[in-house]
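Letter by letter, the chains look like this.
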Amino acid sequence: SDPGVHAAPLLMRPTSQELAAYQEDGVVLLKGVLSPEELGLAARAVDSAVAQPGPFAEFIGTDTSWNSMFAEGAQQREWLMFQDQFASQRVPAMRQLVHSSRAGELIASLMGSRTASFFYDHTIVKKPSSADSACIPWHQDLPHWNLEGTQIGSIWIPLDPMSGEAGVTWVLGSHKWGLFRPRHFVDASPYRGTEYLPNMPDIDELIAGHEVTARSFAVEPGDVLAFNARTVHGSKGNTDSGVGRRVALRFGGDDAVYFERPGETAIPTDDVAHLHGRKHGDPMTCDLFPQVWPRRDAKL
């Protein structure tokens, strides 16, 4: 373990302006809030997650589609983007990052929640490519998840410097729009049985017409981006010269409940879904989705 990581106080509490940005824009950049120890732990967690992929890890190459995603030999294909979830179930460094870093405390304060319970970790690695390769389409996180509530958000941790162009772009204020039909990242094909949700509007057209404001952020290791699970966001290919590693830690607050959405969902994945024991409408907190803030072992 890393001495000094446990129970370290926040280096920088969110300012009133940062709290307002999270509530109004649905996303906020927090500069330099992670300690070197936390960054080292996060880097080990992500590198181990890639080296020990789970059964639903996605190795996305130039011609990969959802139908071919998990074909035989998929984990040996030449890939431009890797993504996987629930590494905390098999990678000790990821589990320690979740429980001992300040991510839970930080997202709780931004969400206006007394508590933060951990939902899952999402690792994404993009190799250098063209802008139109390994894109992630405009989407909201929440329609992909069996979770509901007003206090659901992520702490997005970059492990490498990323330009705004190679990172993620958010549509400011879009967390107030309502939910849209989810699509697979690899080919933008819609999730089965989700016709009850409206299709995402043409975000590029809205941006071009100055009807919405989109923003991306250049980031350095130590920065985090915090965002609401309803905020519309997406990314182009990694046009930077180096690999772009990042991990998003997902959390629910006081009012987050397990919510069985109609049709196809992605999270929790089938390999862990039997572990939570939650029924529709139950509070999310359980062994699989543990409370991480306040820490259960905190000395009062």
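In the block above lies the structure referred to throughout.
Keep in mind it's a predicted model, so treat the numbers as computed, not measured.

The rules behind the values
- Here the residue numbering is sequential within each chain, running from 1 through the sequence in written order.
- Two thresholds apply to this predicted model, a pLDDT of at least 70 for residue-level local features and 80 or more for giving and counting side-chain atom pairs, whereas whole-chain, interface and lining totals are computed over all residues.
- Hydrogens and water molecules were not included; the side-chain quantities draw on all heavy atoms of the structure.
- Axis definition: a line fitted to C-alpha atoms, over the contacting stretch in the case of helices. Angles run 0 to 180 degrees between N-to-C directions.
- We count a stretch as a helix when DSSP gives it H or I for four or more residues in a row; a strand needs E for two or more, and each element gets its number in order from the N terminus.
- With respect to orientation, any angle under 35 degrees is reported as roughly parallel, any angle over 145 as roughly antiparallel, any angle of 65 to 115 as roughly perpendicular, and every other angle as oblique.
- The handedness criterion is simple: a crossing whose near helix is rotated anticlockwise from the far helix by less than a right angle is left-handed, and one whose near helix is rotated clockwise is right-handed.
- Contacts were defined at the residue level, with two residues in contact if any of their heavy atoms lie within 4.5 Å.
- Throughout, the ten residues Ala, Val, Leu, Ile, Met, Phe, Trp, Tyr, Cys and Pro are labelled nonpolar, Asp, Glu, Lys and Arg are labelled charged, and all others, Gly among them, are labelled polar.
- Any residue under 20% of the maximum accessible area for its type is buried, any over 50% is exposed, and the rest in between are partly exposed; the area is computed with a 1.4 Å probe on protein chains only.
- For this analysis, a polar contact is any N or O atom pair within 3.5 Å, provided that within protein one partner can donate a hydrogen and the other can accept it, and provided that sequence-adjacent residues contribute only side-chain to side-chain pairs.
- Among buried residues, the Ala, Val, Leu, Ile, Met, Phe, Trp, Tyr and Cys ones that are joined through side-chain atoms within 4.5 Å form a nonpolar core.
- Any Phe, Tyr or Trp ring, taking Trp's six-membered ring, that has another such ring centre within 6.5 Å forms a pair; planes under 30 degrees apart are called stacked, those over 60 apart edge-to-face, and the others tilted.

## Focus on the packing of helix H2 (residues 36-51) against helix H3 (residues 92-100)
Two numbers describe how H2 lies on H3: the axes approach to 8 Å, and their chain directions differ by 140 degrees. Between H2 and H3, the angle falls in the class oblique. The interaxial crossing formed by H2 with H3 has left-handed handedness. Note on element contacts: H3 touches H2 through Ala93, Met94, Gln96, Leu97 and Ser100, opposite Glu38, Leu41, Ala42, Arg44, Ala45, Val46 and Ala49. Among the residues making up the contact of H2 with H3, the classes are represented as 8 nonpolar, 2 polar and 2 charged.

## Some thoughts on the environment of arginine 295
Considering the arrangement of structural elements, one finds arginine 295 in the segment after strand E14 (291-293). The class for arginine 295 is buried, based on a relative accessible area of 15%. Residues arginine 295 and isoleucine 155 lie 140 residues apart in sequence; the distance between their C-alpha atoms is 17 Å. Reaching out from arginine 295, the side chain makes a polar contact with the backbone oxygen of histidine 99 at a distance of 3.2 Å. In terms of polar contacts, arginine 295 uses its side chain to reach the backbone carbonyl oxygen of serine 100, at 3.2 Å.

## With respect to the environment of aspartate 204
Relative to the helices and strands, aspartate 204 is located in helix H5 (residues 203-208). Accessibility expressed as a relative area gives 48% for aspartate 204, which makes it partly exposed. The spacing of aspartate 204 and alanine 214 is 10 residues in sequence and 9.5 Å in space, taken between C-alpha atoms.

## Points about the nonpolar core
Met94, Ile155, Ile157, Leu249 and Phe251 are the most contacted members of the largest nonpolar core, which has 41 residues in total. Among the elements that line this core, the one with the most residues is H2, at 7 residues. Apart from the residues lying within four places of it in its own chain, the contact partners of methionine 94 are Ala45, Val46, Ala49, Ala87, Ser88, Asp121, Thr123, Val247 and Leu249.

## Digging into the packing of aromatic side chains
For the coordinates displayed, the defined rule picks out 15 aromatic pairs. On the basis of an interplanar angle of 55 degrees and a centroid distance of 5.1 Å, the ring pair of phenylalanine 119 and phenylalanine 289 is categorised as tilted. Note that phenylalanine 119 is positioned in strand E4 (residues 116-126) and phenylalanine 289 in the loop between strand E13 (257-258) and E14, a separation of 170 residues in sequence. Relative to tryptophan 170, the ring of tryptophan 156 lies with its centre 6.3 Å away and its plane at 85 degrees, an arrangement referred to as edge-to-face. Of this pair, tryptophan 156 sits in strand E7 (residues 152-158) while tryptophan 170 sits in strand E8 (residues 168-171), and the two are 14 residues apart along the sequence.

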